[in-house]
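# What the coordinates show
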Amino acid sequence: MDWFEILWTTSFWVAAVRIATPLILGTLGELVCERAGVLNLGIEGIMTLGAMAGWMSVFMGADLWTGVILAAIVGALMGALHSMLTVSLGLSQHVTGIGITLLASSITYYIYRMVLPEVTSPPRIEAFTNYPIPLLSKIPWIGEALFNQSPLTYLAFILVIIVGILLYRTPLGLAVRTTGENPSAVEAQGMSVIGIRTGAVMFGSALMAIAGAFLTMSAFNAFFFNMINGRGWICIALVVFASWHPGKALFGALLFAAFDAYQMRLQQVIGSAIPYQVFLMLPYLLSIVALILISRRVAIPQALMIPYRKGER
Amino acid sequence: MGFWDAGTPCSLPKIYIPVVPEALSLKNINKHFGNLHANQNISLTLNRGEVLALLGENGAGKTTLMNILFGHYVADSGEILVNGKFLPKGSPKASIDAGLGMVHQHFTLADNLSVLDNIILGTQPIWNFRLQRKEAADKIMDLGSRFGLEIDPNFRVAEISMGERQRVEILKALYRNAKILILDEPTAVLTPQESRTLFKTLRQLLNDGLSIIFISHKLAEVLEVSDRIAVLRDGKLVLEENVSETSEKMLAKAMVGRSFKMPIRKDLPAGESLLALENVSVLSPDRGRVLDRASLSVNSREVVGLAGISGNGQRILADVINGMQSPNSGTVFLYGKKIKRFNPREMLVKKVGRIPEDRQGFGVVGDMNLEENAITEVYKNKDYSKLGFLNLKTRNNFAKKIAHEFDIRGVKKNSPVRLLSGGNMQKLILGRVLLQEPKLILAHQPARGLDIGAASFVYERLLDAKMQGCGILLISEDLEELLMISDRILVIHRGKIIEAGKADELSMTNLGLLMAGRQVNAS
Amino acid sequence: MRLEPRTEVSLSRFIFAPIVAVITSLLLCSGLIIWSGASVLEAYWMMLTGSIGSAFALAETLSRATPLIFTGLAAAVAFRARFWNIGAEGQLYAGALMVTFLGTGDMNIHGILLPTILFIGSFTAGSLWLFVPSLIKVKFQVDEVVTTLLLNFVMLLLVSLLLEGPLKDPMGLGWPQGAPVLESAELPRLFQGLRVHAGLIIAIILAIVIWQFQIRTTLGYEMKAVGFSRDASQFAGMRVGKILLITAFVSGGLAGLAGYSEVTGLKGNLTLDLSPGFGYTGIVVAMLAQLHPLGVVGSAFFVACIFVGADAMSRSVGVPNYIADVVVASSLLCMLVSMLQVKYRIRWK
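These numbers come from a predicted model, not from an experiment.

So, how was this worked out
Residues numbered from 1 in each chain as written. Chains lettered and ligands numbered in written order. Predicted model: local features only at pLDDT ≥ 70, side-chain atom pairs only at ≥ 80, totals over all residues. Domains from an automatic or database assignment. Contact = placed C-beta atoms within 7 Å. Helix = DSSP H or I, 4+ residues; strand = E, 2+ residues; numbered from the N terminus. Nonpolar A, V, L, I, M, F, W, Y, C, P; charged D, E, K, R; others polar. Pairing = 2+ DSSP bridges. Axes fitted to C-alpha atoms, helices over the stretch in contact; angles between N-to-C directions.

## Some thoughts on the domain arrangement of chain B
All names here are of chain B. When its domains are assigned, chain B resolves into domain 1 (9-256) and domain 2 (274-351 + 477-523). Using C-alpha coordinates to define each centre, domain 1 is positioned 34 Å away from domain 2. Taken together, the contact pairs 9 residues of domain 1 with 10 residues of domain 2. Ranked by the residues each element gives to the side of domain 1 that touches domain 2, the list is headed by helix α6 (residues 192-207), at 3 residues. Its residues assigned to classes, the side of domain 1 that touches domain 2 comprises 5 nonpolar, 3 polar and 1 charged.

Here it is, written out as structure tokens:
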């Protein structure tokens, strides 16, 4: 197989969409937080916690969707803690976010070790299986990639649409966007900036947790240490790349995942001529390059990272 | 077109039967912040269909009172009645629903959103499925044409002028069926002519049954526009009169409490040229020519005033002279020599003193103490550091000297300067600038937000500097201030600078026309 | 709830802030200990004796504190200028790589000069690894948090690549590990038979030097001003970009030295598990110290106590040793709240 023939294989596109799923969910979650003016650097830890929570619930006997919901709930709780600190108290979003990541991942590992003290190879669960959508999945080439995927992948696509509509077509979305641009405008209308930001961060964090849960419940079927492996940070880069727009976030995540799927296949084509680590570095380097390229023309929410304290001018 | 038959059904205000003549009455409002008694037993009424002017210096308690009215603060004691009904405390929503509408001095608009989105924010229940943009746009157009507040609702706020933004703010209140409109320093961003249009709009609103509170510190316009006047001083209501029974003098005295002598300008023969700009332009990627072939000159022993409505290129002009911004074309001469590199350090070395517009953001490092702030501009001079090591002794002495000569009060050891009052902070900046013995001073809104005492202190020191041979460029949006201090006045409009003439020979009207971009025959 | 700025600065509140934070954090974490079935008092007692209860334990704690002082200083220097260097982990490995590159004999550098060369080399390596994101920050205004974080992953892969390739120790029985550093490069142990080494002394001296640097030099002054207000500093004629780059240079270098000290003082060679997250823990150390260089020494010791003590506690009462990470992370969050209390009064109404 040649380096360009990879692009013609169905399995490549199927893999790209699968790899994109957690990125779509995570990016969407971060986007919602940032649209309300809060940079959520807790994403990496919240994804870790979500991955464990979803997997653990199923491992303990809950059904799959219950697992997803539980993951979302613990994610939202972490989001509540984040917003209590950064929104209500107005603490540094940078340091708090890192703190949340450290806290969420350490609690995750603690709980995992409490429940499974002596396990060396992580137990597997009966995970989500691909659900081919009748008719659509039979469309040649894209049918397999887009319509024969895990239900969580469909959920990710649907959420992009829902978040897009919510943000641009409803009073709630208008309030969220205004909070990210000029919170005093929101306060002047008798709405609570703290309430809106807290809600947005909790919702966003729930999405991040589902992103993590996808990895344990649909991709690897087990929980490993360090399994998020920087995906959260990549999501943050993707939000900037997407100029804080849900549609572009979907595009960015798919593009990124396509690169990732491509390099994995390219590795097999090229063999050991280039060390595999070089390929593994690419996603991280790619994110940095994307950030540089986009930096000149971004419409950053004006109040992002600026804590809002009532009555302080 | 009459009021009741206008527009779509949704633009009809709720019909209510007046039961009391007072639209609004405040009863014995008290509010403390720590040791500060910001509102002391204030009782005030606003009658239906009148304009009540609320006068007071900065820090007199106006803002606190309005914040209580709008539920942002809760009063320690006291009641508010709107149309005879008690207003629930601490609920902004309740205040808006009761028919109160506020036009803030610093607009509460989101620049990146459309005018329409800004107006309809918060008018629908938040869990509604659909934003009613179409209906809203119709209502806005209708309100606009009825009250002379036309604006295209699809523009982004960032694209419209300050005057238009104010219209958006008023429309916001009207859209919510406000019956009581409160305007905080509404003319600060307008030319005298635009102010006139605003007053006309206000009259129309009164005819429509609204009542208006007009907050200002400009006595002339207060006397012109209002029916009754209330004056606050140090948190107390010191005067409440019908306008016919007051005079400018009486109001001034009530506001300040003591009589204040404003400094008097003396004409001096202007000396050699210090600063000259020739056809200086600055291009901004999204807003085009923000400074458009601007030329001006400042000589020693003169104060040159630059008038203009906010947002017409003053900031960028100041930044060029500050050294924060390199011009795209044109030349800047300092003491007859062309400036090649634009950076703040360069300007400091060349003895340009700079008083920035935003004193908290640019003038001081709020979280550092007085000593550290004293030397921000001089720490590299040999008196204050050697071989990269600071001389803490000379630093502390310099800080002491500033504090002493410029009468800075309220400094505690090691406490950050952000805790200082605006006046004391400005004295620190002024002292830091003047003690470096500058030849040229750029003063950008040096008295903004200060009380009369601090403001006159600033003016006095600037005029002293002029007597000692300094040239001063004073950029301001306050015409009274400009006419009082400057020898010569320039006007900036859309990045272009026009010479207006000598301050003694200028009228407010002519200045206003120039500020609006119109040519005037030399008076 | 409302925050009211305090009008006076209280030294005692400043000093008590970390103590209150740590106690709160320990109280919060006792819930997790109770869940594991252990007695809280016993567990914390084990933690205490396990970390400082014997000369051996104390030495272990001090040796654990050493890299934390370096990474804590790295974070403290950068954060003071509001430069969010979250990449100390990567810079640590960059320093360690340089030590392996220069100090294992391949370069034919020997003798008394070697420690100095390694010291400077690892400092420079850490600096250069941070130079990339700081340049991107200054030139393109790209937030440094994400770039420094992403580069941590890149560095680990780079180390893995090199340890499986050119830098692989031929005597390493196939394990991906670097060759041991030459004996002349090793930092001496401070006491016979105990693991605490001269790196600790270097770290403490550096903390003192940085403290004096911050209060006495123009550069230290500039870094502080730039941290509090970029705009005001620029307006006053400071070269903000240049100052940030210098800050990054120092910060990255300090993190690089952590790698130097670990390899030459403790481990002897470079492995992929050289650092169990010292770079990230350094952030907590710096925040607990309220970014004061001398405070960093104290808080690094405290954090080391938690980690070493947790191992002992885990062995004796069966609480998973991840409890240490939880305590440290929650101390960070408690500390943030505690520091807020220094500047503001929280009013509940």
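## Describing the sheet that holds strand β16 (residues 352-355) of chain B
Residue and element names in this part refer to chain B. Taken in spatial order, the 6 strands line up as β16-β19-β20-β13-β21-β22 in an open sheet, and their pairing is mixed. With one partner strand each, in any of the chains shown, β16 and β22 (496-502) form the two edges of the open sheet. Strand-to-strand twist across the sheet, computed as the mean angle between neighbouring axes with direction ignored, equals 20°. Pairing of strand β21 (residues 488-493) with β22, which is carried by 6 bridges, proceeds in the antiparallel orientation. Note on β22: the bridge partner recorded for L490 is E499. Strands in contact with helix α9 (residues 314-322) are β13 (302-307), β16, β19 (440-444), β20 (471-475) and β21; relative to β19, the strand with the most contacts, it is inclined by about 150°. Strands β13, β21 and β22 of the sheet are contacted by helix α17 (residues 508-515), whose axis makes an angle of about 35° with β21.

## A closer look at the interface of chain A and chain B
On the side of chain B, 22 residues touch chain A, which itself brings 19 residues to the contact. Counted by class, the side of chain A that touches chain B contains 8 nonpolar, 8 polar and 3 charged residues.

## Section: the environment of E371 of chain B
Mapping E371 of chain B onto the fold places it in helix α12 (residues 370-374). Sequence-distant contacts of E371 of chain B, that is, excluding residues within four places in its chain, are made with R395, N396 and A399 of chain B.

## Details of the interface of chain A and chain C
With 37 residues of chain A in contact, the opposing surface of chain C contributes 39 residues. Of all the elements in the fold, those that place two or more residues in the side of chain A that touches chain C are α3 (64-88), α4 (93-115), α10 (231-241) and α12 (276-294) of chain A. Counted by class, the side of chain A that touches chain C contains 24 nonpolar, 10 polar and 3 charged residues.

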